[in-house]
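Descriptive analysis of the structure
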Amino acid sequence: MLKSKVAVQVISPGILPDDAIMLGDAYLRQWKIPQGQPVTLKFGAMRQYVKVVPVERFDGMRIGQSLARKMGLLESTNLRIRYRADEAVLALGPLIGVLISRDDPEHRDRPFGSITMFCKELVDACAAQGAHVYFFTPHHLKGNFNTVEGWVYADGWRKAFLPSPDVVNNRLTSRKLENRPNVQEFIQEVKVRHRSTVFNEKFLDKPEVFEALAKDPSLVKYLPESHVLKNFPMLKTMCNRYHTVFLKPVRGSLGKGIIRITRTEGEAYSAQYATVGGTRRHQFSSLLKLYGSISGKMKTVRYQIQQGLQLIDIMGRPVDFRALVQKNETGKWVLTSIVARTAGSHHFVSNLARGGTLSTVREAVGRSNLSGTSSQEAPGKLSRAALDIAHGVDMFIPAHFGELGIDLALDTHGRVWLLEVNSKPSKNDNTPLQDQKIRPSVRNMIRYARHLAEF
């Protein structure tokens, strides 16, 4: 049985003509690759007619330097290989492009700031699985998109021109960048012209997710009552219905800008604001006065108003859960990891940037005020909810996602609630790498890219 992963060697100039490659003769025999007549060599968007020269007792591939330059390969590498006789196409890949927000050419050792380690981890995972990855920013997107200038790792980070990729992982962390005309044009162009697949192709807004999931009766049980806050009557109705409500910026992340509103005595209300330094609290003698204090903000920030929940806590510090779900090598959603996040002192949001701490689900639930059978059942219920919600996002939101960060909570009765779905899960505040091992989340991303590109 021939290996589907082949060692591609870049050889010195003058040995091979530009339109020829050398390949182990076993591949030619098994796949009936014709000798002496051209076949199409495909690598991402690159198509090049080549003649295949058989080499006895050799199970690799050799290419000349000018062809390697066209492919953006700066050194020998391992790639997956397949041949389609009906099209006479010999394909190498997958070629994966990761679209990131920014780079800094001045810092060659750390060109992508806090996600540089993650990018290097992707490079190592690709080397192990026979894929090739490069990294590019909106700034690199010019011209006709047949080729893209990007960063590769070849004995250090270097820039090269590469073909447009088979698979694009959109890791842009800003809606402003994602909505730039050249980014949107690139995404549409590579999907149509090069049949590339783009996953995590857009940000998700909170109301969009809740409205979509509400279409499935089996998912409604996870959804706290939520609306886009439009006026005072809506605020009054929700505050009459629930002792506590949350206002969350529709496009917020990292817990920024969240306001917790709680009825205190009589007509009085307390508003707590999440800030980096802790919780800022204001008292209002009436709900109308509280509304007056936030109505100015509502001119520039759209808020989702959400039912307050009686969540489990550890010594008064709220606990929630971040599940990472990803599509695997067969395109099915799987749970990669789930961690508990306990809010820091003086905070009511659990984000790590605000002093929150990570622990296992069992550890956090065991230390919380959830007791009895509910605490034993919690890990399974959270896992099922994450996968149910991922399937719902796929079913009801018309965009392609390959990984999702799903924030869940448990109330004191053991019921699971959805807080938020994030289509750009952070890669820089994960647990640190141990012994330079490649995390399962990174390996899964490559496996899914291979599935999409049919390698």
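Residues numbered from 1 in each chain as written. Predicted model: local features only at pLDDT ≥ 70, side-chain atom pairs only at ≥ 80, totals over all residues. Heavy atoms only, no water.

- An unreviewed UniProt entry lists the protein under the name YheC/YheD family protein, from Paenibacillus glycinis.

1. Re the confidence of the model for the protein
- For the protein, per-residue confidence averages 91 on the pLDDT scale, and residues scoring 70 or more make up 94% of the total.
- Here residues 429-434 is a poorly scored stretch, pLDDT under 50, and it has seven contacts once near neighbours within four places are set aside; other chains count. (pLDDT = per-residue confidence, 0-100. Contact = heavy atoms within 4.5 Å.)

2. Concerning the sheet that holds strand β15 (residues 244-249)
- The strand order across the open sheet built from six strands is β14-β19-β15-β16-β17-β18, with neighbouring strands paired in antiparallel fashion. On the outer flanks of this sheet lie β14 (226-228) and β18 (278-284), each paired with one strand and no other. The average angle at which neighbouring strand axes cross in this sheet is 20 degrees, direction not considered.
- The pairing of strand β17 (residues 269-275) with β18 spans seven bridges and is antiparallel. Across the sheet, the residue bridging to Tyr273 is Arg280, located in β18.
- With respect to the sheet, helix α7 (residues 232-241) is in contact with β14, β15, β16 (259-263), β17 and β19 (303-307), its orientation differing from that of β19 by roughly 20 degrees.
- Its contacts with the sheet put helix α8 (residues 287-295) on β15, β16, β17 and β18, and the angle it makes with β17 is roughly 25 degrees. (Pairing = 2+ DSSP bridges. Helix = DSSP H or I, 4+ residues; strand = E, 2+ residues; numbered from the N terminus. Axes fitted to C-alpha atoms, helices over the stretch in contact; angles between N-to-C directions.)

3. Points about the sheet that holds strand β6 (residues 77-84)
- With respect to topology, seven strands assemble into a closed barrel ordered β1-β5-β2-β4-β3-β7-β6, the strand pairing being mixed. Each strand axis lies, on average, 40 degrees off the axis of its neighbour in the sheet, ignoring direction.
- Note that strand β2 (residues 20-24) and strand β4 (residues 46-55) share five bridges and pair parallel. Considered in β4, the bridge of Met22 is made with Val53.

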